[in-house]
Amino acid sequence: MWRWRVLGGLTALVVVAALVFSAYRMGSEGAGGFVEVPVGGGDRVPTELEPLVELYEDLKADAVDPPESEVLVEGAIEGMLEALDDPYARYYDPTAYEDFSDQLDGTYAGVGMELQETPEGLFVVRVFEGTPADEGGVRAGDRILGVNGDDVTEQPIEAVVNQVRGEPGTDVELELERGNDEVETITTTLTRAEIAIPRLEASILEDGAAHLELLQFTTNVADELRGEIEGALEDGAEGVVLDLRGNPGGLLRESVNVASVFLDEEVVVRVQERSGQEETLTAAGDPAGDFPLVVLVDGGTASASEIVAAAIQDAGRGLLIGEPTFGKGTVQTIRSLPGGSGAKFTTAAYFTPSGDSIEEVGVEPDREVAAAEDAEDDPQLSAAQDALQSLVAGSQ
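Residues numbered from 1 in each chain as written. Predicted model: local features only at pLDDT ≥ 70, side-chain atom pairs only at ≥ 80, totals over all residues. Heavy atoms only, no water.

## As for the pattern of salt bridges
Any two side chains of opposite charge can pair, given that their charged atoms come close. Note the following rule: We count a salt bridge whenever a side-chain nitrogen from Lys or Arg sits within 4 Å of a carboxyl oxygen from Asp or Glu. Helical segments are the DSSP runs of H or I of at least four residues, strand segments are the runs of E of at least two, and each set is numbered from the N terminus. Burial status follows relative accessibility: with a 1.4 Å probe on protein chains alone, a residue under 20% of its type maximum counts as buried, one over 50% as exposed, and anything between as partly exposed.
According to the stated counting rule, one finds 10 salt bridges in the structure shown. Here Arg 126 ties to Glu 114 by a salt bridge, and the two come within 2.9 Å at their closest N and O atoms. Of the two residues, Arg 126 is situated in strand β9 (residues 121-127) and Glu 114 in strand β8 (residues 113-118); the sequence distance between them amounts to 12 residues. Here the two residues Arg 126 and Glu 114 agree in accessibility, since each one is buried. The residue Asp 286 makes a salt bridge to Arg 226 at a minimum N-O spacing of 4.0 Å. Placement of the pair is Asp 286 in the loop between β20 (278-282) and β21 (293-297) and Arg 226 in helix α6 (residues 221-234), with a sequence separation of 60 residues. We classify Asp 286 as partly exposed; its relative accessible area is 48%. Looking at Arg 226, the relative accessible area reads 17%, which means it is buried. Salt bridges here are not isolated pairs; linked through shared partners, they connect Glu 114, Arg 126 and Glu 213.

If you want it as structure tokens, here you go:
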């Protein structure tokens, strides 16, 4: 058995894989990473598990038409996780666990869309350009009703993800609901493909500021972000807008690395274990520069994104503009299990550098600006540009 440390969340960036609002910490070292730590040892069954083993043996020997051994074991695991009464506890079968690992590496086989699970249903919140979902006419705001003719409105996001994903080159049919006042139902067939998960979009705004939209915290994204910022500054950009809106998180180590692009040696996040022991993670002390900085946040900014936003805010390094963030402040552990499966459950909590918990509260922006209903208008970005110009003027 192996142990991974995770900070997880509720909604999911699935790009048709179930990456939840998260900041993943793998292994036991302070900054995280894909270090796997062996757990337990020996062959002796603990006394408290003897009834479970005995029942398993009885079922295999005497039950009428018993399922395969793997099915019985999965049922026992799922039952234990359900008994935790932990909303983030989850079992991953080998296929789902492999998909999960692939997504953390930044690739997957799917259709190229980001989904969010809400009490009203499963909705598309982002469609990535040039992907099968984009070419097939899927739009942000569409509600997923069916997959391959099956009604999925009552199914959890992981079950829907497993149906939508598949081998590249194969087709999947989606039934979508679109519109508010005038609702229409649309059916589209998409051909699955190998897709590199978009994680950073960089552009130069009309006023010359660098606009860096960070989509998630996958491996080495901090290096890519640093390179884009340094290049923009060399080309004459006087400030940076870091856009964390809709970013569901990713690797904890990358949240620390991203914060290190902007901070010197300040505290980034504090993690408190179940035992009460606290671990403090700090920036590396090698910022990309002392440029004016504005950070955009909203209700989709979660976990690893909130860690970065709060660290920048607490250090007085930049101005936060937008709407209050999601509010995800608990830590999960993912353990890989024999046979290629895995399980996740809550083990700790994290706090901002100032010691505040953001669980169910979020990070309050320094200047609150509501998003526009019209997708072509972006008052939050406009406010960020105005604020950045003021910061640039003040620094001269």
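## Focus on the packing of aromatic side chains
Filter applied, for reference: Two rings from Phe, Tyr or Trp (for Trp, the six-membered ring) form a pair when their centres sit within 6.5 Å of each other. Planes less than 30 degrees apart are called stacked, planes more than 60 degrees apart edge-to-face, and all others tilted.
For the structure on display, the rule yields two aromatic pairs. Arranged with centres 6.4 Å apart and planes meeting at 50°, the rings of Tyr 92 and Tyr 97 form a pair that is tilted. The burial state of Tyr 92 is the same as that of Tyr 97; both residues are buried. With a centroid separation of 6.1 Å and 75° between ring planes, the pair formed by Phe 262 and Phe 291 is classed as edge-to-face. One end of the pair, Phe 262, is in helix α7 (residues 252-262); the other, Phe 291, is in the loop between β20 and β21, and 29 residues separate them in sequence.

## What to know about the sheet that holds strand β17 (residues 240-243)
Sheets are built from strands that pair by backbone hydrogen bonding, the pairs being arranged parallel or antiparallel. To keep it simple, the criterion reads: Here, any two strands with at least 2 DSSP bridges between them count as paired. We call two residues in contact when some of their heavy atoms are within 4.5 Å. To obtain an axis, a line is fitted to C-alpha atoms, over the contacting stretch when the element is a helix, and the angle between two such axes runs from 0 to 180 degrees between their N-to-C directions.
Spatially, six strands are ordered β15-β16-β17-β21-β22-β25 in an open sheet, and the strand pairing comes out mixed. Lying at the two open borders of the sheet, with one neighbouring strand each, are β15 (200-204) and β25 (367-368). Relative to β17, strand β16 (residues 210-214) is paired through four bridges, and the arrangement is parallel. For His 211, the partnering residue across the bridge sits in β17 and is Val 241. Against the sheet, helix α8 (residues 304-314) contacts β17, β21 and β22 (319-322), and its axis sits at roughly 140° relative to β21.

## Some thoughts on helix α9 (residues 379-395)
As a reminder of what qualifies: For a helix, the expected span equals 1.5 Å multiplied by the residue count minus one.
The terminal C-alpha atoms of α9, which comprises 17 residues, lie 24 Å apart, in line with the 24 Å expected from a rise of 1.5 Å per residue. If you follow the buried residues of α9, they end up packed against β16, β17, β21, β22 and β25.

## A look at the nonpolar core
The cut-off we apply is this: In this text, buried Ala, Val, Leu, Ile, Met, Phe, Trp, Tyr and Cys residues form a nonpolar core when linked through side-chain atoms within 4.5 Å.
If you look at the biggest cluster of nonpolar residues, it comprises 44 residues, and the most contacted ones within it are Ile 229, Leu 242, Val 258, Phe 262 and Val 268. Only β16, α6, β17, α7, β19 (267-273), β21, α8 and β24 (342-351) provide two or more residues apiece to this core. Ranked by residues supplied to this core, first place goes to α8 with seven residues. Phe 262 has contacts with Leu 225, Ile 229, Leu 242, Pro 287, Phe 291, Leu 293, Ile 312 and Arg 317, leaving out every residue within four places of it along the chain.

## Examining the side chain of Ser 260
Formally: The definition of a polar contact used here is a pair of N or O atoms within 3.5 Å, where within protein one atom must be able to donate a hydrogen and the other to accept one, and adjacent residues in sequence count solely through side-chain atom pairs.
By the secondary structure assignment, Ser 260 is in helix α7. Separated by 2.9 Å, the side chain of Ser 260 and the backbone nitrogen of Ala 284 make a polar contact. Residue contacts for Ser 260: discarding those within four places in its chain leaves Arg 226, Ala 283, Ala 284, Asp 286 and Pro 287.

## Details of a negative patch on the surface
Put simply, the rule is: For patches, a residue must show more than 30% relative accessible area and have no salt bridge; joins then use 9 Å for like charges and 5 Å for nonpolar side chains, namely Val, Leu, Ile, Met, Phe, Trp and Tyr. Note on areas: Shrake-Rupley with a 1.4 Å probe; residue coverage comes only from the protein chains shown. Think of it this way: Lys and Arg go in the positive column, Asp and Glu in the negative one, and His and the chain ends go nowhere. All charge positions are set by atom: Lys at NZ, Arg at CZ, Asp at CG, Glu at CD.
A cluster of acidic residues, Glu 48, Glu 50, Glu 54, Glu 57, Asp 58 and Asp 62, forms a negative patch on the protein surface. By secondary structure assignment, the location of Glu 48 is in the loop between β5 (37-38) and α1 (50-62).

## Side note on unusual backbone geometry
Phi at Asn 148 is positive, roughly 55°, even though this residue is not glycine. By the secondary structure assignment, Asn 148 is in the loop between β10 (143-147) and β11 (150-151). Phi at Asn 220 takes a positive value of approximately 70°, unusual for a residue other than glycine. Positionally, Asn 220 belongs in the loop between β16 and α6.

## A closer look at the pairing of β19
With five bridges joining them, β19 and β20 adopt antiparallel strand pairing. If you follow Val 269 over to β20, its bridge partner there is Leu 281. Connecting β19 to the next strand, β20, in antiparallel fashion are four residues, including Gly 276 with a positive phi near 100°. Bridging between β19 and β24 involves four bridges; their strand directions are antiparallel. Within the sheet, the bridge partner assigned to Val 271 lies in β24 and is Tyr 350.

## Some remarks on the side chain of Thr 352
Within the fold, Thr 352 resides in the loop between β24 and β25. Taking relative accessible area as the criterion, Thr 352 reaches 8% and is therefore assigned buried. Once residues within four sequence positions are removed from consideration, Thr 352 is found in contact with Arg 270, Ala 310, Asp 314 and Ile 358.

## Examining the pairing of β10
With respect to burial, β10 is a largely interior element, five of its five residues being buried. Relative to strand β12 (residues 171-178), β10 runs antiparallel, the two sharing four bridges. Its bridge partner lying in β12, Val 147 is registered against Leu 174. Summarising the sheet, β10 and β11 pair through two bridges and their orientation is antiparallel. In the strand pairing of β11, Val 147 is matched with Asp 150. Count of turn residues in the β10/β11 antiparallel hairpin: two residues, of which Asn 148 carries a positive phi of about 55°.

Everything listed here is a matter of coordinates, which is why it stays silent on function.
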